[in-house]
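What follows is the residue order along each chain.
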Amino acid sequence: MKLFFLLFCQFVIIGCSSIKQKKEHFGTSKLTLQVKNKSDIPLLVNRLQTYSKIANNKVSSSVENNNLSIEIFDLLTEEKIANLFRLNGSFKIKGNNNTVFTEDKFRSSFSSFPEASMVFIFDSIYKKELETFSRDNLKQKTEVFLGNTCVASPTFMNTINNGLLGLTPTNSDFDTYIVHTASTVKYPHNIAFNHLNYKVTFKDSVISKNLFQQYQSIKNYPLGHSVNSHKEKFLEKYSSDLSSDRIKVLQKLDAVILMLSKIYSNDLLSFIKKSNFSSYTELELFITKVNSIQENYKSDISTIEEVVNSLQLITNSYNSNQ
């Protein structure tokens, strides 16, 4: 999967890499890599240790024959961990007119405060080139590669004239910590490995494959679109006569839409970290209920009004965890 970044150009924070984000240990992620060449294992361990320092996450590892077992004291998907070790090479930026910026024209800077972000700083002699590039690609998707892997597809919303191209991540199989680690610790060659035995634990309970599937089912059927459409029709009908009761209905709709949007915009593990559930049972019950409400709507068992009322109860529970 490609990593989508939100491009910002007007305000950039640089030079805060020494300030670490305080992270709560929500759980652990474990993965075993079966490495083709055992001599490559020290390279993978070096990257793991570098990631630990950059992301401020505790990690541990062990080696048995050609297998490297990894434990990261954070919730990371299987693909994110694999991509932490798979990514390799130098940055380059491609536009739709075949213009390419390579690392000889810019350098990358990393900040972990107030949130993890990267900035590509263009040398003064190339600032004009970046300005022209951003103008030529305005409101069009570009691609940022690390080696042969596209790790970002930013869209330029403004022309950049200060030589600073800032990137912050959204939901993806990559994140800023992973990309920055891979760009910091490069391998002399590509490393071949298989990943197996993935397990992720949240607050001492192993997250089941079924929960991942239920969460993905919700993401694959954006019920929020139907709720939002219901809100638009409600506004169209009552916009000229918004009584206090109708304003409460709108507030209910907004709360439901906001809660659902957080599911659509995050993978399950990112959602858990942002939601602060107190137990696995509580998390499981929440996702099962949302999935059940959605299935009833898809099967025409529930009307949109019934769905909104049911989701409102879920939303109250979710908001109590914020």
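Nothing here was measured: the structure is a model prediction, and the numbers come from that model.

## Some words on helix H10 (residues 304-319)
Each α-helix winds once per 3.6 residues, and so residues spaced three or four apart point in a common direction. Helix length check: H10, at 16 residues, gives a terminal C-alpha distance of 21 Å against a target of 22 Å (1.5 Å per residue), a fit within 8%. Within the span of H10, buried status applies to Ile304, Val307, Val308, Leu311, Gln312, Ile314, Thr315 and Tyr318. Of the surrounding elements, those touching the buried residues of H10 are helix H6 (223-238), helix H7 (244-264), helix H8 (268-275) and helix H9 (280-298).

## Describing the packing of aromatic side chains
Scanning the entire structure with this criterion turns up 12 aromatic pairs. The interplanar angle of 80° and the centroid separation of 5.1 Å between the aromatic rings of phenylalanine 101 and phenylalanine 122 together place this pair among those described as edge-to-face. Of this pair, phenylalanine 101 sits in strand S6 (residues 100-102) while phenylalanine 122 sits in strand S8 (residues 117-122), and the two are 21 residues apart along the sequence. Judged by its relative accessible area of 1%, phenylalanine 101 falls in the buried class. Between the aromatic rings of phenylalanine 271 and phenylalanine 286, the centroid separation amounts to 6.0 Å while the plane-to-plane angle is 25°, which identifies the pairing as stacked. With phenylalanine 271 in helix H8 and phenylalanine 286 in helix H9, the pair connects residues that are 15 residues apart, well separated along the chain. Both residues of the pair, phenylalanine 271 and phenylalanine 286, belong to the buried class. Among the aromatic residues, those joined into a ring-pair cluster are Phe91, Phe101, Phe106, Phe120, Phe122, Phe133 and Phe156. A cation over a ring is seen here: lysine 58 above phenylalanine 73, with NZ or CZ 4.7 Å from the ring centre. Sitting over the ring of tyrosine 221, lysine 298 keeps its end group 4.9 Å from the ring centre.

## A few points about the nonpolar core
Residues Leu33, Tyr51, Ile72, Phe85, Ile93, Phe120 and Phe122 are the most contacted members of the largest nonpolar core, which totals 47 residues. For this core, the element with the most residues is helix H1 (residues 41-55), which contributes seven residues. If near-sequence neighbours (up to four positions away) are discounted, isoleucine 93 is found in contact with Thr99, Val100, Phe101, Phe106, Phe120, Phe122, Phe133, Glu143, Val144 and Leu165. Formed by 36 residues, the second largest nonpolar core is a distinct cluster that contains Leu75, Leu253, Ile257 and Tyr297.

## Topic: the packing of helix H5 (residues 209-220) against H8
The N-to-C vectors of H5 and H8 enclose an angle of 90°; their axes lie 10 Å apart at closest approach. What the angle tells us is that H5 and H8 run roughly perpendicular. Listed contacts from H8 to Leu211, Phe212 and Tyr215 of H5 are Leu268, Leu269 and Phe271. For the contact of H5 with H8, the residue count by class is six nonpolar, no polar and no charged.

## Some details on the pairing of strand S9 (residues 143-146)
In this structure, strand S5 (residues 91-94) lies alongside S9, joined through four bridges in antiparallel fashion. Its bridge partner lying in S9, lysine 92 is registered against phenylalanine 145. Of the pairings in the sheet, the one linking S9 to strand S10 (residues 149-152) comprises three bridges and is antiparallel in character. When the sheet's bridge partners are listed, valine 144 is paired in S10 with alanine 152.

## Quick word on the sheet that holds strand S13 (residues 205-206)
Across the sheet, five strands lie side by side as S3-S4-S2-S12-S13; this open sheet has antiparallel pairing. Single-partner strands in this sheet number two, and they are strand S3 (59-64) and S13. With respect to the sheet, H1 is in contact with strand S2 (27-35), S3 and strand S4 (67-72), its orientation differing from that of S3 by roughly 170°.

## What about the packing of H1 against helix H4 (residues 176-184)?
What describes two packed helices is the angle between their axes and the distance between those same axes. Look at H1 against H4: their axes get within 9 Å of each other, and the N-to-C directions meet at 130°. One finds that H1 runs oblique with respect to H4. Read as a crossing pair, H1 and H4 show a hand that is right-handed. Of H4, the residues touching H1 (which contributes Arg47, Thr50, Tyr51, Ile54 and Ala55) are Tyr177, Ile178, His180, Thr181, Ala182 and Thr184.

What counts as what
The residue numbering used here restarts from 1 in each chain and proceeds along that chain's sequence as written. Whole-chain, interface and lining totals are the exception, using all residues; otherwise, since this is a predicted model, local features are given only for residues with pLDDT of at least 70 and side-chain atom pairs are given and counted only at 80 or more. With hydrogens and water stripped out, all remaining heavy atoms of the structure feed into the side-chain values. Here a helix means four or more residues in a row that DSSP labels H or I, a strand means two or more in a row labelled E, and each is numbered from the N terminus. To estimate the expected span of a helix, count its residues, drop one, and scale the result by 1.5 Å. Exposure classes here rest on a 1.4 Å probe applied to the protein chains alone. A residue is buried below 20% of its type maximum, exposed above 50%, and partly exposed in between. Whether two residues touch is decided by their heavy atoms; if any such pair falls within 4.5 Å, the residues are in contact. Aromatic pairs are defined between Phe, Tyr and Trp rings, using the six-membered ring for Trp, whenever the two ring centres lie within 6.5 Å; interplanar angles under 30 degrees are classed as stacked, those over 60 as edge-to-face, and all others as tilted. Remark: a charge is flagged as sitting over a ring if the NZ atom of Lys or the CZ atom of Arg is within 6 Å of the ring centre and within 35 degrees of the ring normal. Nonpolar cores were defined as sets of buried Ala, Val, Leu, Ile, Met, Phe, Trp, Tyr and Cys residues, with membership established by side-chain atoms within 4.5 Å. Orientation is described by lines fitted to C-alpha atoms, with helices fitted over the stretch in contact, and by angles between N-to-C directions that extend from 0 to 180 degrees. An angle below 35 degrees is read as roughly parallel, one above 145 as roughly antiparallel, one from 65 to 115 as roughly perpendicular, and any other as oblique. Three classes are used, and their members are as follows: Ala, Val, Leu, Ile, Met, Phe, Trp, Tyr, Cys and Pro are nonpolar, Asp, Glu, Lys and Arg are charged, and the others, Gly among them, are polar. When DSSP locates at least two bridges between a pair of strands, those strands are taken to pair. It is the rotation of the near helix from the far one that decides the hand of a crossing: anticlockwise by less than a right angle makes it left-handed, clockwise makes it right-handed.

Take it as geometry only, folks, not as evidence of what the structure does.
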